[in-house]
Amino acid sequence: MPPTDRDTILDELEQRLGHRFASRALLEESLTHPSHTQFQPGPSNQRLEFLGDAVLQLVVSTAIFDAFPEEREGVLSRRRSVLTNGVFLVKVALELGIDRALRLSPSEDAGGGRTRASTLEDAFEAVVGALYLDAGIETVRALILRWYGPLEDRLGMHEQHDNPKGRLQELVQPVHGNEALRYELHRTEGAPHERSFDVHLHFLGRKIAEGQGSSKKEAEESAARAALENWPPE
């Protein structure tokens, strides 16, 4: 039987992942968004996401524990959070090309679902779960650490972006006090499951940045990050 376009897509993804699945059905399940099951009956990736989240936490926790033998629990927890949070997982999912292999309903695909952060995060964790079932913990551990590369380098790139509100407050508070910054919810749009928040950041009563996100917290962090990139304000 000649290969289909779907076979080619999965072959390319397996090459980027570094693993040839014994069970292609597991890989397909990990890439199946819940919307696709309304269009074509079958399992979605939600169960594999649940499993993959646990596997990822174990692998990253162990790697950080080994890499930083002198650090205390609080520091290890923060570093694990950097390497397992949604922003980071979306970045790795895009690096691996998981977005191109997703199975979505036509309407979800047309609505930008292939680039939606929550969809990519869930799919990445589901792929990890599928790899664990297909090949076991040692294989999935080696693959995850290969995708991540040197942990110190990844942490150096991402830790600085992990708490933009805290870093901005550290700049402002010693000179201007605790009340100099104010985050104001400017607008909320979209259906409840696809809500978008727009936040304005004020410094000493003057708007200096805006931020958008799928939650108020995410929008505030986006605004703080924008302010940091242009600090001090003119």
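Everything that follows concerns the structure shown earlier in this document.
Residues numbered from 1 in each chain as written. Predicted model: local features only at pLDDT ≥ 70, side-chain atom pairs only at ≥ 80, totals over all residues. Heavy atoms only, no water.

Trainee: Let's hear about the pattern of salt bridges: which residues, and what values?
Mentor: A complete count under the given rule lists 19 salt bridges for this structure. We note a salt bridge from R103 to E28, for which the minimum N-O separation is 3.6 Å. Residue R103 is found in the loop between helix 7 (98-101) and helix 8 (106-110), and its partner E28 is found in helix 2 (residues 24-30); the two are separated by 75 residues along the sequence. Under the relative-accessibility criterion, E28 is labelled buried at 16%. The salt bridge involving R141 is made with E138; its shortest N-O contact spans 3.6 Å. (Salt bridge = Lys/Arg side-chain N within 4 Å of Asp/Glu carboxyl O. Helix = DSSP H or I, 4+ residues; strand = E, 2+ residues; numbered from the N terminus. Buried < 20%, exposed > 50% of the residue type's maximum accessible area, 1.4 Å probe, protein only.)

Trainee: Lay out the pairing of strand 1 (residues 181-189) in plain terms, naming residues and giving numbers.
Mentor: Note: strand 1 against strand 2 (residues 196-203), eight bridges, orientation antiparallel. Counterpart to R182 in the pairing with strand 2 is H202. Where strand 1 folds back on strand 2, the antiparallel hairpin that results is connected by six residues, among which G190 adopts a positive phi of roughly 95 degrees. (Pairing = 2+ DSSP bridges.)

Trainee: Now, about the packing of helix 6 (residues 86-96) against helix 9 (residues 117-135): what can you tell me, with residues and values included?
Mentor: Relative orientation of the contacting elements helix 6 and helix 9 amounts to 75 degrees, with a least axis distance of 8 Å. Comparing the axis directions of helix 6 and helix 9 gives the class roughly perpendicular. Where helix 6 approaches helix 9, its residues G86, L89, V90, V92, A93, L94 and L96 are matched on the opposing element by A117, L120, E121, F124 and E125. Each residue belonging to the contact of helix 6 with helix 9 can be placed in one class, and the counts come to nine nonpolar, one polar and two charged. (Axes fitted to C-alpha atoms, helices over the stretch in contact; angles between N-to-C directions. Parallel < 35°, antiparallel > 145°, perpendicular 65-115°, else oblique. Contact = heavy atoms within 4.5 Å. Nonpolar A, V, L, I, M, F, W, Y, C, P; charged D, E, K, R; others polar.)

Trainee: Run through the side chain of H19, naming residues and quoting values.
Mentor: Locating H19 in the fold gives a position in the loop between helix 1 (5-17) and helix 2. For H19, a relative accessible area of 14% corresponds to the buried category. Looking at H19, its side chain comes within polar contact range of the side chain of D134, at 2.8 Å. With near-sequence residues (within four places) excluded, H19 lies in contact with E14, L131, D134, A135, T139 and L143. (Polar contact = N/O pair within 3.5 Å; in protein donor to acceptor, adjacent residues only side chain to side chain.)

Trainee: So, the packing of helix 9 against helix 10 (residues 137-148): which residues are in play, and what are the values?
Mentor: For any two helices packed against each other, one specifies the crossing angle of their axes together with the interaxial distance. Running from N to C, helix 9 and helix 10 cross one another at 145 degrees; their axes reach a closest spacing of 7 Å. Counted together, F124, V128, L131, Y132 and A135 of helix 9 and I137, T139, V140, L143, I144, W147 and Y148 of helix 10 form the full contact between these two elements. Looking at the contact of helix 9 with helix 10 residue by residue, the class counts come to eleven nonpolar, one polar and no charged.

Trainee: Before we move on, could you go through the packing of aromatic side chains and cite the residues and values that matter?
Mentor: According to the stated counting rule, one finds three aromatic pairs in the structure shown. Centroid distance F88 to Y148: 4.9 Å. Interplanar angle 70 degrees. Geometry classified as edge-to-face. With F88 in helix 6 and Y148 in helix 10, this pair connects stretches of sequence that are 60 residues apart. Judged by relative accessible area, which is 1%, F88 ranks as buried. (Phe/Tyr/Trp six-rings, centres within 6.5 Å; stacked < 30°, edge-to-face > 60°.)

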